[in-house]
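# Examination of the molecular architecture
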Amino acid sequence: MRKALMLASLVVGLACAQVPGGVVEVNGAAVAGLSFIRQNGDVFLPVEGLGTALGMAMTTEPTGHFLFLGGQAHKIAGVVVANTVYAPWWALQPMLAGYALDIHGETVDLHKGAAPVAGAGNAAAIVEELNLARTNPQAYAQILEARRAWYGPSNQVARPGGRAYISREGKVALEDAIAFLHHQTPLTPVSLSAGMSRAAADFVTQNGPTGVKSHQGPDGSLPADRVARYGNWGGTMGENLDYGWSDARDIVADLIIDDGVPDRGHRANVFEPAFHVVGVAVGPNKVSHVMCVMEFAAEYHEK
């Protein structure tokens, strides 16, 4: 098992920016009049409209601080836009057991699935992004170069139309990543493993409610233990944890930049030549709102 199982740094929000989202689908079908918004990179859904679409009595108070579901009040981080209360998916997900959310650009699809595992579309998008970086690192360098304009004084990073935050190293980590990518040899792609994704989902389920930033689960399990539940891994394996991002590009770029991590352990996992399979899960986190778990291995045989 790889030693470099460092945690991704947690960003601190500075601004609260709302940007238009798009169409909301339920089980693959668009719902008339139902749309989402983005705030600080998170998907926010209209609570009462969503409840109607799901056949559930979901109501909110005017301030958007509480949601009432099944006769119980739940405190949420809602926002009010044009007299409509929106709540972030990470806050709604624990109440909507059995539902998963796939994000496809300007469309989100809420469907029956094994939450909090990343939906098939979202997991596939993350693996596709990993493979873009692995197979064409020079092209990925250009993607990061376009982010130079986001960086300002005092380590501030201002994303156009989205989250602004304070990084630990500022532009230094970005430039280090760009230089690395320009010299990185292209690698073979990794393939998505169902068993390793289940292992990743186990850790989201365990770790998310605690908010503890650790590779060790509350039950004492380590990445190798969790992966072994659903198959047998061989050669070498490793785990990346990313906090605060739900979009595939943001997750992968954050791991490659590896801001605040001296040995760039997450970047090393992304570009480990020995890795050929990966498991992915995304779900809510008590502290950072959302987390992504990636399990890597040289080989893996599903049980």
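Fair warning: this is a prediction, and the values are worked out from it, not measured in the lab. (Residues numbered from 1 in each chain as written. Predicted model: local features only at pLDDT ≥ 70, side-chain atom pairs only at ≥ 80, totals over all residues. Heavy atoms only, no water.)

## Describing the nonpolar core
Let me state the cut-off plainly: We define a nonpolar core as any set of buried Ala, Val, Leu, Ile, Met, Phe, Trp, Tyr and Cys residues linked to one another through side-chain atoms lying within 4.5 Å. Using a 1.4 Å probe on the protein chains alone, a residue whose accessible area is under 20% of its type maximum counts as buried, one over 50% counts as exposed, and one in between counts as partly exposed. Think of it this way: any DSSP run of H or I at least four residues long counts as a helix, any run of E at least two long counts as a strand, and we number them from the N terminus.
In terms of nonpolar packing, the biggest core is built from 37 residues, with Ile126, Tyr140, Leu144, Ile256, Val278 and Met294 touching the most fellow members. Those elements that place two or more of their residues in this core are helix H3 (120-135), helix H4 (137-145), helix H5 (171-183), helix H8 (248-257), strand E16 (277-285) and strand E17 (289-302). If you tally residues by element for this core, the top one is H8, at seven residues. Listed in part, the 23 residues of the second largest apolar core include Leu45, Leu50, Met58 and Val108.

## Brief notes about the packing of aromatic side chains
What counts is decided by this rule: Stacked, edge-to-face and tilted labels apply to pairs of Phe, Tyr and Trp rings (six-membered ring for Trp) whose centres lie within 6.5 Å, assigned for plane angles under 30 degrees, over 60, and everything in between, in that order.
Evaluated as defined, the whole model comprises two aromatic pairs. With centroids separated by 5.3 Å and ring planes inclined at 15°, the aromatic side chains of Phe275 and Phe296 adopt a geometry described as stacked. Taken together, the positions of Phe275 in the loop between helix H9 (265-270) and E16 and Phe296 in strand E17 put the pair 21 residues apart, joining distant regions of the chain. Phe296 shares its class with Phe275; the two are buried.

## Details of the sheet that holds E16
In sheet architecture, strand pairing relies on hydrogen bonds along the backbone and comes in two forms, parallel and antiparallel. Worth spelling out the cut-off: What makes two strands pair is DSSP finding at least two bridges between them. In this description, contact between two residues means that some pair of their heavy atoms is separated by no more than 4.5 Å. To get an axis, a line is fitted to the C-alpha atoms, and for a helix only the part in contact is used. The angle between two axes follows their N-to-C directions and goes from 0 to 180 degrees.
Taken in spatial order, the four strands of this open sheet run E14-E16-E17-E15, and their pairing is mixed. Two strands lie at the open edges of the sheet, namely strand E14 (191-192) and strand E15 (231-243), each paired on one side alone. Sheet topology note: the E16/E17 ladder contains nine bridges and is antiparallel. Bridging from a neighbouring strand, Asn285 pairs with His289 of E17. Across the face of the sheet, helix H6 (residues 194-207) comes into contact with E14, E15, E16 and E17 while running at roughly 150° to E17. Docked against the sheet, H8 engages E15 and E17, running at close to 100° with respect to E15.

## Side note on the sheet that holds strand E5 (residues 58-60)
One open sheet holds the three strands; their spatial order is E5-E6-E7, and the pairing between them is antiparallel. This sheet does not close on itself; its edge strands, each paired only once, are E5 and strand E7 (72-75). Ignoring which end each strand starts from, the neighbouring axes of this sheet average 30° apart. One ladder, built from three bridges, connects E5 with strand E6 (residues 66-69); its direction is antiparallel. Each residue of the ladder has a partner; that of Thr60, found in E6, is Leu67.

## As for the side chain of Asp259
Cut-off, in case you're wondering: His is not counted, nor are the chain ends, whereas Lys and Arg count as positive and Asp and Glu as negative. The term salt bridge refers to a pairing of a side-chain nitrogen on Lys or Arg with a carboxyl oxygen on Asp or Glu at a separation within 4 Å. Throughout this description, a polar contact denotes any pair of N or O atoms lying within 3.5 Å of each other; where both atoms belong to protein, one of them has to be capable of donating a hydrogen while the other can accept it, and for residues adjacent in sequence the pair is counted only when both atoms sit in side chains.
On the secondary structure map, Asp259 appears in the loop between H8 and H9. With no salt bridge to any partner, buried Asp259 finds its closest opposite charge in Arg168, at an N-O distance of 5.4 Å. Here Glu169 takes part through its backbone nitrogen, which lies 2.8 Å from a polar atom of the side chain of Asp259.

## Description of the environment of Ala173
The topology assignment puts Ala173 in helix H5. When the C-alpha atoms of Ala173 and Gly260 are compared, they prove to be 7.7 Å apart, with 87 residues separating the residues in sequence. Ignoring anything within four residues of it in the chain, the contact list for Ala173 reads Ile257, Asp259, Arg264 and Arg267.

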